[in-house]
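# Breakdown of the fold
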There are 2 protein chains.
Amino acid sequence: MADNKEQEHVSYQDIVEAEQRIRPEARVTPLLCSEVLDRISGRRVFLKPETLQRTGSFKFRGAYNRLQLIPEGERSAGVVACSSGNHAQGVAAAAGLLGMQATIVMPQDAPATKIERTKALGAEVVLYDRDQQDRDQIAKDLCAKRGATLVHPYEDTGIVAGQGTAGLEMVTQMRAQGVVPDAVLCCTGGGGLSSGVAIGVEHGFANTVLVTCEPEGFDDYARSLAKGERVANKRFGGSVCDAVLTPTPGKISFDILKDRRVASVVVSDEEALRAVAFAFTELKLVVEPGGAVALAAVLFDRLPAEMRSVAVVLSGGNVDADVMAKALSLPPIA
Amino acid sequence: MADNKEQEHVSYQDIVEAEQRIRPEARVTPLLCSEVLDRISGRRVFLKPETLQRTGSFKFRGAYNRLQLIPEGERSAGVVACSSGNHAQGVAAAAGLLGMQATIVMPQDAPATKIERTKALGAEVVLYDRDQQDRDQIAKDLCAKRGATLVHPYEDTGIVAGQGTAGLEMVTQMRAQGVVPDAVLCCTGGGGLSSGVAIGVEHGFANTVLVTCEPEGFDDYARSLAKGERVANKRFGGSVCDAVLTPTPGKISFDILKDRRVASVVVSDEEALRAVAFAFTELKLVVEPGGAVALAAVLFDRLPAEMRSVAVVLSGGNVDADVMAKALSLPPIA
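The model shown is predicted, which means the values in this text are computed figures rather than measured ones.

Residues and elements named next belong to chain A. Structurally, the position occupied by glycine 217 is in the loop between strand S7 (209-215) and helix H10 (220-227). Note on glycine 217: relative accessible area 31%, which makes it partly exposed. Considered as a pair, glycine 217 and arginine 308 are 91 residues apart in the sequence and their alpha carbons are 28 Å apart.

Take a look at the structure:
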């Protein structure tokens, strides 16, 4: 539990209100299980496939909640967001539902499927060069010119509260099965999902540990939580897990997570890809590498033995065909 | 409704009992929806992803029900089944749960993933040459030699009743959403799924039409239902939809379906493959071509306009990587 609640910007009640706000447009994603996964991991594993959420990732939850918080009078100026693709689609879809114009600043090396799908949802896409241009400056300039609202992917309480609705659903679904999980695993970039789910879950399961799961080289949460302050990654790109590559933990999310029951694990890019292949072959689910990091943590036994019963969020499924082909060419997990 | 119920071998009560028998080992698969699919199809579509069933297809339902009907004293001699792969896995998994030995006669050109997964479930696999050998004779010889029970993929009332449990779940799930579907679409080979689901669904929704969905060249149900008697396909193979290629409708299933509210549609192999790609890209579900035939029927508008609200069973997801790559190389559905 947090020692200094006054520093927090997101409450359980905020998540409850977000859930009411995003219905019925957001889907209640199911809770799945697999006896093969249980056998391999030696645990009881519950999967929350946010891949099946509208737009193919959990990001629609936060975006649709956040955009409804924009005052009516400011909506006609539209929204601007920076994203490699999942937040992009979430914002684009939410804007479409609310009759707003969305402009998304995306890196030109974002997965093709994410760029195409964002455009298909009606958004204007502005591409930039990761090495040469500052995406935040591009976004700020667009907002200034148009009077549009900037929608940050995680440094925003409305976004975090929206992502937390996945945690509320998990509590309801696991209670219905009579299960109290020892841990909930989230793929972690800026931490919007992890921090929102932590608040959503702790209200139902006070002793459940939130486990941040990151790819090697992007273990900023693992190191920041160990150190007690936010530290940065050395790299900005170069991992196949594009969905979870952020320079540092978000301030809001880190503040939420640092005093809670949290653990951190790290997997390699190859382990994430082999988890993608496992999801395809065994679970029949399309999961992108960044969305399979938490699954990889279970498959490659990164958890302490006492975590017998765990819930894993499969956070996104927007993967290009060539990445899936590469994943399927790797040695299968026994 | 059937005019001559006395000829039927499967009752609604049989399906209710099957459902009790297969719990808790069989999964209750979720009911999913997609606003993109609704928009493309111009209908309200509900998806029943049996891809998420244990072993990756609905076949586990029938197999696990059927094997429990084998008297205790006959179980030690094991079971024998012929299958291109989904029934194989269903039987193998069910046998494993009951401590029985399963031997599966599979064509040597079955998808590699299906052969591997059947072996991984502990079954003995006997491969045969479709052009040179008679699989039924091989199976009969094995049964005679070992005293094993032959488990036919659809010419068996215990199998049909088990498959019907998918229909019971759909009724419960659609009622919870306040929906009465105009039609339920099933991928159809021998007809075990279609006939079981027809009985399971009609008890809840008396006016709902069961639509058999077949690949071109294997439209034996469409032609048999039109003619009022079972007719055969000209070919035995040569479609990518391996899961639904049978020489004729099953006798039990055809008798069940012929007097009911049934319609029939046919799609091309390419349409099935493009539906596989749509499921991957848009639904984030791994579906095999034979399991995507009913989805293709919706995507390519094979239904009368008055079927506004339809349920589609995605019957299996055991697809090889090269087939998925081929599907993803085709032009996407707008």
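So, next bit.
Moving on: the interface of chain A and chain B. Contacts between the two partners involve 25 residues from chain A, matched on the other side by 25 residues from chain B. Note on chain A versus chain B: buried area summed over both sides is about 2000 Å², and carbon and sulfur give 59% of it. The interface formed by chain A and chain B contains six salt bridges. A salt bridge links A:Arg54 to B:Glu35, with the nearest nitrogen and oxygen atoms 3.6 Å apart. One can count 14 residue pairs in polar contact (both at pLDDT 80 or more) joining chain A with chain B. In terms of residue count, the dominant contributor to the side of chain A that touches chain B is helix H12 (residues 269-283) of chain A (four residues).

Residue and element names in this part refer to chain A. Within chain A, residue pLDDT values average 95, and 98% of them lie at 70 or more. Overall, residues 1-6 carries pLDDT values under 50, and its contacts beyond four positions in sequence, including any with other chains, amount to 11 contacts. Scored as a whole, the predicted complex attains pTM 0.96, and scored at its interfaces, ipTM 0.95.

Take the relation of the copies chain A and chain B next. Between chain A and chain B, the superposition needs a rotation of 180° and an axial shift of 0.0 Å, giving an RMSD of 0.0 Å. Considering both components of the superposition, the chain copies are consistent with a two-fold axis. When C-alpha positions in chain A are compared against the rotation axis, the closest is assigned to A:Leu285, at 2.5 Å. Interface overlap between copies: 100% of the residues of chain A at the interface are likewise at the interface in chain B, consistent with a symmetric, same-surface contact.

Our focus in this paragraph is the sheet that holds strand S6 (residues 183-187) of chain B. Sheet strands pair by backbone hydrogen bonding; their relative direction is either parallel or antiparallel. Residue and element names in this part refer to chain B. Taken in spatial order, the five strands of this open sheet run S1-S9-S6-S7-S8, and their pairing is parallel. Both edges of this open sheet fall to strand S1 (44-49) and strand S8 (262-267), since each of them pairs with a single strand only. When the angles between neighbouring strand axes are averaged without regard to direction, this sheet yields 25°. Pairing between S6 and strand S9 (residues 309-314): three bridges, direction parallel. The residue of S9 that forms the bridge with leucine 185 is valine 312. In the packing of helix H8 (residues 157-176) onto the sheet, contacts are made with S1, S6 and S9, and the angle to S1 comes to roughly 135°. Packed on one face of the sheet, helix H9 (residues 192-202) meets S6, strand S7 (209-215) and S9 and runs near 160° to S6.

Conventions adopted
Residues numbered from 1 in each chain as written. Chains lettered and ligands numbered in written order. Predicted model: local features only at pLDDT ≥ 70, side-chain atom pairs only at ≥ 80, totals over all residues. Heavy atoms only, no water. Helix = DSSP H or I, 4+ residues; strand = E, 2+ residues; numbered from the N terminus. Buried < 20%, exposed > 50% of the residue type's maximum accessible area, 1.4 Å probe, protein only. Contact = heavy atoms within 4.5 Å. Buried area = accessible area lost by both parts, 1.4 Å probe. Salt bridge = Lys/Arg side-chain N within 4 Å of Asp/Glu carboxyl O. Polar contact = N/O pair within 3.5 Å; in protein donor to acceptor, adjacent residues only side chain to side chain. pLDDT = per-residue confidence, 0-100. Least-squares fit on C-alpha atoms with pLDDT ≥ 70 in both. Pairing = 2+ DSSP bridges. Axes fitted to C-alpha atoms, helices over the stretch in contact; angles between N-to-C directions.

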